[in-house]
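Summary of structural features
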Amino acid sequence: QVQLVESGGGLVQAGDSLRLSCAASGRDIRTYTMGWFRQAPGKEREFVAAIMWNGITKSYADSVKGRFTISRDNGKNTASLQMNSLKPEDTAVYYCAQPCNSPYRLGVPQRVYEYDCWGQGTPVTVSS
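We now turn to the structure provided with this report. (Residues numbered from 1 in each chain as written. Predicted model: local features only at pLDDT ≥ 70, side-chain atom pairs only at ≥ 80, totals over all residues. Heavy atoms only, no water.)

Further remarks concern the pattern of salt bridges. It is possible for side chains of opposite charge to pair when their charged atoms get near one another. Taken as a whole, this structure holds 4 salt bridges when the rule is applied. Taking the shortest distance from any N to any O, the salt bridge between aspartate 90 and arginine 67 comes out at 2.7 Å. Taken as a pair, aspartate 90 in the loop between strand E8 (78-83) and strand E9 (92-98) and arginine 67 in the loop between strand E6 (58-60) and strand E7 (68-73) lie far apart in primary sequence, 23 residues in all. Connected via shared salt-bridge partners are Arg38, Glu46, Arg67 and Asp90. (Salt bridge = Lys/Arg side-chain N within 4 Å of Asp/Glu carboxyl O. Helix = DSSP H or I, 4+ residues; strand = E, 2+ residues; numbered from the N terminus.)

Written out as C-alpha cells, the structure is:
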C-alpha cells in the first residue's frame, strides 16, 4: 500500500504559520485523493482538507477555510498543508491520508472511514 510520512509540525504561537508536508511512496501514488485530518487529545479525528487526485478540486473544513491551503506535487509525490493564522484550537496531531482502495475516485471524501492509508501523524501545538 501507499506509505505516507508527515513532517513539519511543531510548537508555535497563535497567529504564526506552519507548513506541513506529506511524503508518499508506493504504487499508484498519483491516482489518489490526498486528505489531511487532525486529532486533538481525547477527541475524534476530524477532517481538515483534501485535494482530489487530479490536483484541482479542493475541500476544506469550515474551521480552517481562509487560513489553510492544501496542495500537492505529484511529480515529487508530496502533499502540503499551509497553515496560516494558527489558533490554539488548531492544536492537534495532523495526519495525511489517502483512500487507497479508491483510485481515481470522483469527488473529495471528507470522512475518516473513507480513507484507508494513513501517515503516523505530526503534532502541532499552538500557544496563545
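Additional details are given in the paragraphs that follow.
Below, the discussion takes up the state of the cysteines. Inspection of the entire model under this criterion finds 2 disulfides. Here cysteine 22 is linked by a disulfide to cysteine 96, with a sulfur-sulfur distance of 2.1 Å. Taking the torsion about the S-S bond as the criterion, the cysteine 22 to cysteine 96 disulfide, at about 60 degrees, is right-handed. Of this pair, cysteine 22 sits in strand E3 (residues 18-25) while cysteine 96 sits in strand E9; the two residues are 74 residues apart in sequence, bridging distant segments of the chain. Across a sulfur-sulfur distance of 1.9 Å, cysteine 100 and cysteine 117 are joined as a disulfide pair. An S-S torsion of about -135 degrees defines the bridge between cysteine 100 and cysteine 117 as left-handed. Linking cysteine 100 in the loop between E9 and strand E10 (117-118) with cysteine 117 in strand E10, this pair joins segments that are 17 residues apart in sequence. By relative accessible area, which is 12% here, cysteine 100 ends up buried. (Disulfide = S-S within 2.5 Å. Buried < 20%, exposed > 50% of the residue type's maximum accessible area, 1.4 Å probe, protein only.)

Let us now look at the nonpolar core. Counting 38 residues, the largest nonpolar core has Trp36, Leu81, Met83 and Tyr94 as the members making the most contacts within it. Listed by contribution, the elements that provide at least two residues to this core are E3, strand E4 (34-39), strand E5 (46-51), E7, E8, E9 and strand E11 (122-127). (Core = buried A, V, L, I, M, F, W, Y, C linked by side-chain atoms within 4.5 Å.)

Where burial is concerned, the two faces of strand E1 (residues 3-7) differ: the one with Leu4 and Glu6 is buried and the one with Gln3, Val5 and Ser7 is not. Of the pairings in the sheet, the one linking E1 to E3 comprises 5 bridges and is antiparallel in character. Note that in E3 the partner of leucine 4 across the bridge is alanine 24. (Pairing = 2+ DSSP bridges.)

Attention now goes to the side chain of glutamine 98. Along the chain, glutamine 98 turns up in strand E9. For glutamine 98, the contacting residues outside a window of four places in its chain are Val2, Leu4, Ile29, Tyr32, Thr33, Met34, Arg72, Tyr115, Asp116 and Cys117. (Contact = heavy atoms within 4.5 Å.)

The subject of this paragraph is the environment of serine 17. Note that serine 17 resides in the loop between strand E2 (11-13) and E3. For the pair serine 17 and glycine 121, spaced 104 residues apart in sequence, the C-alpha separation works out to 18 Å.

Counting buried positions over the 6 residues of E5 gives 5, a clear majority of the element. One ladder, built from 5 bridges, connects E4 with E5; its direction is antiparallel. Bridge pairing in E5 links arginine 38 to glutamate 46. Here E4 hands over to E5 after 6 residues, with glycine 42 in that stretch at a positive phi of 75 degrees. Two strands pair when backbone bridges link them, and E5 and E6 are joined in this way by 3 bridges, in the antiparallel orientation. Each residue of the ladder has a partner; that of alanine 49, found in E6, is tyrosine 60. Hairpin connection from E5 to E6: 6 residues lie between these consecutive antiparallel strands, with glycine 55 at a positive phi of about 75 degrees.

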